[in-house]
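These are the residues of each chain, in order.
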Protein chains: 2
Amino acid sequence: MSQIPANNPALKSWVEVPSNSDFPIQNLPFGVVKSENLPPHVASRIGNKVIDLKTLHVLGYLENLPFELSDFDTDSLNPMMKKGKKAVRDLRNRLSKLFDSNQPDLQKNEQHVVQVLIPVENVKMCMPVQIGDYTDFYSSREHATNVGMMFRDPANALLPNWLWLPVGYHGRSSSIIISGEPVTRPKGQIKPNPEEPPIFAACRNLDFELETAFITFDGKPLGESISTAEAEDFIFGMVLLNDWSARDIQTWEYVPLGPFLAKNFASSISPWIVTLDALQPFKVDGPKQEPEVLSYLKYEGQLSYDIQLEVFIEPENGEETKICTSNFKYMYWNMAQQLAHHTVNGCNIRCGDLLGSGTISGPTPDSYGSMLELSWKGTKPLKMNDGTERKFIQDGDNVIMRGFSLKDGVRIGFGEVSGKILPAKN
Amino acid sequence: MSQIPANNPALKSWVEVPSNSDFPIQNLPFGVVKSENLPPHVASRIGNKVIDLKTLHVLGYLENLPFELSDFDTDSLNPMMKKGKKAVRDLRNRLSKLFDSNQPDLQKNEQHVVQVLIPVENVKMCMPVQIGDYTDFYSSREHATNVGMMFRDPANALLPNWLWLPVGYHGRSSSIIISGEPVTRPKGQIKPNPEEPPIFAACRNLDFELETAFITFDGKPLGESISTAEAEDFIFGMVLLNDWSARDIQTWEYVPLGPFLAKNFASSISPWIVTLDALQPFKVDGPKQEPEVLSYLKYEGQLSYDIQLEVFIEPENGEETKICTSNFKYMYWNMAQQLAHHTVNGCNIRCGDLLGSGTISGPTPDSYGSMLELSWKGTKPLKMNDGTERKFIQDGDNVIMRGFSLKDGVRIGFGEVSGKILPAKN
């Protein structure tokens, strides 16, 4: 039987996939898992089962693909990603075929199935990528406008360069952590009283930032640029990103060189990297860009993605309250434009770089992607289901972000990125 | 014969060291070299000879030290550095003993000497470290004041936070290159006419920044801080850093999140890492800090270093002109304060992180560490020895920075960091 395209809604797997699962056969994301008996290795996922790629390779199911066992028997996706876009696409297509209900090869070999599929509850997710450089953009017009209104001139909220280029800055790689790892409330210099000198104290205005991020393949050599037309060939996949922010530290430190300690204490990512290939069906038009962008930022076709996003706060011993519903499609600058801009000066990207979208705020107050905006700088506290209120994030709060795309009955999800706040250290 | 301390001025080597060499036996820096016959491996240097540490290990001269052959038979210093401060200090002390003129072991074994010592002209220097995160500070009061006077309010040149904390920001690791590699003039958005929209063009105001940088050992886990008293235990050594800057791109892009494409097209470092141990004799008092700093930034003893710095421009087919003489001791914030500040929020550092000082400008106009300041924004062109003038760096110019410390007849130098500017690509 010939192969059905990997994104085809008609494709069904012989592995049971619960309705509403983020991981149907059309997804097949990549990650790194470990278990009691096994050191970290590369995996994919279908329904509630982890697909052990190392074992698949050992059993010969990945024949005629340009991968070696060592590409999967390792603690990061980088060796696999080093093989490039076509190789990884072929690998996903192979997985799609192996798990297609019309394909008997693996399906009928019960002994192999038991070895290859691991219940998700039996593994622990690991940091999937050894991240080289981390860049964060600022590409939501609504977010930039909200911040500008609160901290600068409400009449000129958007700074002069904002509509001309995707503003971005470099972040910290060392403190990127995986979903589920707790975050210690940072300490630092804050200036609660404008008339008084700064003090050293625990952050009082701790915030999340709802973002997505994309992860790159190896790019071009230093000195060369990637065009908007080429950009998606260099993008491996996407994750959810919570770019934790200490607003009071940020306010005092950020002029003139940008945020530093306000951000670099932690950034959390979701563990499964959803390939850009799996997201192709969810492409949509981006917002109209006015003024017309400079030629290196022009693009053809649809390069925005319809990805629904939600943020929840789960207080200690409490239940989740949904506090935000946004969508990645609201972004003014798309990923191809971000990558073209990032490399237009010759800056090189490497396999495993992480590029964050910036906070994804939508047009309505319930779609803002940070507490700063949702509570409007603390002036409009949010009501939790347990009756408490939040201006910013409290100790013990678990912040959970979820994201998924939905079309023609197919749901491609990211799972979640969560992180619980621990009290500041003495 | 018992061992003379590695920094003792009386120490002499049996290897000939030219007078005025940057690399007497008191230096013994670390780097990575390769040659026609040999893949990259770890080395030290004395006079005009490279010390092949891989061969020293094979021949048994590094016995009873916690290193394996693979720590030296590799293309970066990271495995060696992973062994920590004490191990690297013991290694330098061992080298000091082996090359001491009073120690016969290696000296008297001509066959071994020929294998271990390679003329510098026979090797090519490689990037010494696999850099994790790159942070750049902004710690020269004179530089920050000059920039503030030119671009902001001359009456309030120093921003309110500057005297309270060592302002810093994250830079780009992927585009850090080694001395001698050329730099392509970047293109980007600039706004030559304030009344007109931005244009896309080659940078017109290309600049260097005279900096030093330090490289770290593994730090503490995420969430913990390093105190000023502990900081130097986490510092491996120092290099010269030219943090190339596109001033016109910077002016347009940097608000509100800091410099991005104006910096990340290239940063050049010198190839030999001079250990902090070798620099101990050159410690001096730092500038008085007023207002008194917050407690986590207080320190005891001398934590500034007297390192003389020079910048030269060598036009295409022309001779060098010295354009700047500065000193690392002018920095307002020392490295221990920078590291304490960087980690006070729990941010973790890793083996191989690079932390730049920021432009090192001194108090006099000939000690300013950038063309921006030396030519005062282009209003005071510099005269070259060949009769031409410079407001900023021209295509074909080779920018060379040199640095050394001098005391009691001992000169501990860094060699140089150089980079020639190639024309922008079409």
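Please read these numbers as outputs of a predicted model, since none were measured by experiment.

For chain A, the helix and strand inventory stands at eleven helices and 26 strands. Taking 426 residues into account, the globule formula puts the C-alpha radius of gyration at 22 Å, and chain A, at 22 Å, falls close to it. Dimensions of chain A, computed from the C-alpha atoms along their principal axes, are close to 75 × 55 × 35 Å. Out of the 426 residues belonging to chain A, those deemed buried represent 62%. If you take every contact in chain A between residues at least 6 apart in sequence, the share linking residues at least 24 apart comes to 71%. The centroid of the 41 positive side-chain charges in chain A is displaced by 1 Å from the centroid of its 52 negative side-chain charges.

Another point: the sheet that holds strand β21 (residues 321–327) of chain A. Residue and element names in this part refer to chain A. The five strands are arranged β9-β26-β25-β20-β21 in an open sheet whose pairing can be described as mixed. The strands lining the two open edges of the sheet, one partner per strand, are β9 (183–184) and β21. Across two bridges, β9 lies against strand β26 (residues 410–422) in parallel orientation. Note on β26: the bridge partner recorded for V183 is I421.

All names here are of chain A. In the segment running from V255 into P256, the intervening peptide bond is cis, with an omega of 5 degrees. Even without being glycine, N64 reaches a positive phi, approximately 65 degrees. Looking at where N64 falls in the secondary structure, it is placed in the loop between α1 (53–58) and α2 (69–72). Taking the relative accessible area as the measure of exposure, N64 reaches 75% and is therefore exposed.

Another point: the sheet that holds strand β1 (residues 30–34) of chain B. Residues and elements named next belong to chain B. Reading across from one edge, β4-β3-β2-β1-β5 is the order of the five strands in this open sheet, with antiparallel pairing throughout. Strand pairing shows two members of the sheet lacking a second neighbour, β4 (117–119) and β5 (124–126), which therefore form its edges. Between one strand axis and the next, the sheet turns through 50 degrees on average, direction left out of account. Taken together, the three bridges between strand β3 (residues 49–52) and β4 define a ladder with antiparallel strand orientation. Directly across from V50, in β4, lies its bridge partner I118. Seen against the sheet, helix α4 (residues 85–99) touches β1, β2 (41–46), β3 and β4 and runs at an angle of roughly 70 degrees to β1.

Here we come to the UniProt feature "binding site: substrate" (unreviewed entry) in chain A. All names here are of chain A. The positions that UniProt labels "binding site: substrate" (unreviewed entry) are, in the present scheme, Y138, R152, Q250, Y254 and T359. Tracing the backbone through its elements, the reader meets R152 in the loop between α7 (141–151) and β7 (168–170). In this structure, T359 sits in the loop between β22 (354–356) and α11 (371–374). Filtering out sequence-adjacent residues up to four positions away, T359 remains in contact with S140, H143, E209, L210, E211, M331, G369, S370 and E373. Polar side-chain contacts of T359 include one of 3.5 Å to the side chain of H143.

Cut-offs used in this document
Residues numbered from 1 in each chain as written. Chains lettered and ligands numbered in written order. Predicted model: local features only at pLDDT ≥ 70, side-chain atom pairs only at ≥ 80, totals over all residues. Heavy atoms only, no water. Helix = DSSP H or I, 4+ residues; strand = E, 2+ residues; numbered from the N terminus. Rg over C-alpha atoms; globule rule 2.2 N^0.38 Å. Buried < 20%, exposed > 50% of the residue type's maximum accessible area, 1.4 Å probe, protein only. Contact = heavy atoms within 4.5 Å. Lys, Arg positive; Asp, Glu negative; His and termini not counted. Charge placed at Lys NZ, Arg CZ, Asp CG, Glu CD. Pairing = 2+ DSSP bridges. Axes fitted to C-alpha atoms, helices over the stretch in contact; angles between N-to-C directions. UniProt positions renumbered as here; feature names shortened; annotations may be inferred. Polar contact = N/O pair within 3.5 Å; in protein donor to acceptor, adjacent residues only side chain to side chain.

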